[in-house]
Amino acid sequence: MLGKKLVTAQKRGETRALCLGLGMVTCSMMMYFFIGITIVPFYTKSVWTTETVCKVLKANIKDKVLHQDSEGSEDEDLSPYPCLQVWVNLTASGQEVMLYHTEDTLKRNPQCSYVPGKSENSKEVKARIETIASNFKKYQTFPCYYDPGGTQTNVILSRLYPPKGLFFAFLWPTLMFTGGCLIIVLVKISQYVSVLSAWQQKTNI
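What this report covers is the structure whose coordinates are included nearby. In this text, all values refer to a predicted model and were calculated from it rather than measured experimentally. (Residues numbered from 1 in each chain as written. Predicted model: local features only at pLDDT ≥ 70, side-chain atom pairs only at ≥ 80, totals over all residues. Heavy atoms only, no water.)

## Side note on the overall build of the chain
Threshold: Counting from the N terminus, the helices are the DSSP runs of H or I reaching at least four residues and the strands are the DSSP runs of E reaching at least two. With a 1.4 Å probe rolled over the protein chains alone, any residue whose accessible area is under 20% of its type maximum counts as buried; one over 50% counts as exposed, and the rest are partly exposed. Contact definition: two residues touch when any of their heavy atoms are within 4.5 Å. We get accessible surface area from the Shrake-Rupley algorithm with a probe of 1.4 Å; when it comes to residues, only the shown protein chains can shield them.
The helix and strand inventory of the chain stands at four helices and five strands. Reading the chain from its N end, one meets helices and strands in the order α-β-β-β-α-α-β-β-α. Counting the 205 residues in the chain, one finds 28% classified as buried. Counting only contacts in the chain whose residues sit at least 6 apart along the sequence, the fraction spanning at least 24 positions is 70%. Carbon and sulfur atoms provide 61% of the accessible area of the chain, an area that totals close to 13900 Å².

Pasting the structure below:
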């Protein structure tokens, strides 16, 4: 009677462990899929892949920026926030180019080097932009990223998804997948040992 209860408890434990392993594998595959459709496209589309050194030439804050209308003529419009424009000397080519915070900054507003968040109030934005401009004037040499293919003539300060960030994005689902597979393998080994032990007991009787 006690033996049957132990066998039943063992089977329940194996079933739960097997479900846990399968659940971990399933969750990791879903995470892989999510990363594949969100982070990976941004990483592969980024052309600013080579790191170099940039030296600040000028950092200006403007209230008005040039805006090009549908007819192609340019006119100055009042910016919704102080527009920081940072121009640097690209060490790799010696060119004078404009610096942007990230790849997303260029898409959101190509006239400004930094674009604040929408939820920030005007006083915080102004203070932050003034601090950023002051830091650029204080630390004039720093690493930046440029396009070695020459498609983009500007540079960025930091990449949204660098190789290190992509590695850490895949690290957690990989560990979860490995742990789930390990649990499944251990359960199968336990089941095999149990069957083998029961068969040996029958043959010895």
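## Looking at the packing of aromatic side chains
Short version of the rule: Pairing of aromatic rings covers Phe, Tyr and the six-membered ring of Trp, with a centre-to-centre limit of 6.5 Å; geometry is then stacked below 30 degrees between planes, edge-to-face above 60, and tilted otherwise.
Tallying each qualifying case throughout the model produces four aromatic pairs. Relative to phenylalanine 142, the ring of phenylalanine 136 lies with its centre 5.5 Å away and its plane at 55°, an arrangement referred to as tilted. We note that phenylalanine 136, like phenylalanine 142, is buried.

## Some remarks on the state of the cysteines
The following threshold applies: When the sulfur atoms of two cysteines come within 2.5 Å, that pair is taken as a disulfide.
Enumeration according to the criterion identifies two disulfides in this entry. Here cysteine 54 pairs with cysteine 144 through a disulfide, and the sulfurs are 1.9 Å apart. Note on the cysteine 54 and cysteine 144 pair: the S-S dihedral is about 75°, so by sign convention the disulfide is right-handed. Placement of cysteine 54 in strand S1 (residues 50–68) and of cysteine 144 in strand S4 (residues 141–146) is noted, with a sequence separation of 90 residues between them. Exposure remark for cysteine 54: the relative accessible area of 0% places this residue in the buried category. With a sulfur-sulfur separation of 2.0 Å, cysteine 83 is cross-linked through a disulfide to cysteine 112. For the disulfide bridge between cysteine 83 and cysteine 112, the dihedral angle about the S-S bond is near -120°, and by the sign convention the bridge is left-handed. Taken together, the residues cysteine 83 in strand S2 (residues 74–90) and cysteine 112 in the loop between helix H2 (103–108) and helix H3 (122–138) connect sequence positions 29 residues apart. You'll find cysteine 83 and cysteine 112 in the same group, each marked buried.

## What to know about H3
What counts is decided by this rule: Expected helix span is taken as 1.5 Å per residue step, with the number of steps being one fewer than the number of residues. Working note: the arc is built from the helix axis to C-beta atom directions.
Spanning 17 residues, H3 covers 24 Å between terminal C-alpha atoms, matching the ideal 24 Å at 1.5 Å per step. Residues of H3 that are buried include every one of Val125, Ile129, Ala133 and Phe136, and no others. Buried residues of H3 fall within an arc of 65° about the axis and therefore sit on the same side. Opposite the buried face of H3, by more than 90 degrees, sit the exposed residues Lys123 and Lys138.

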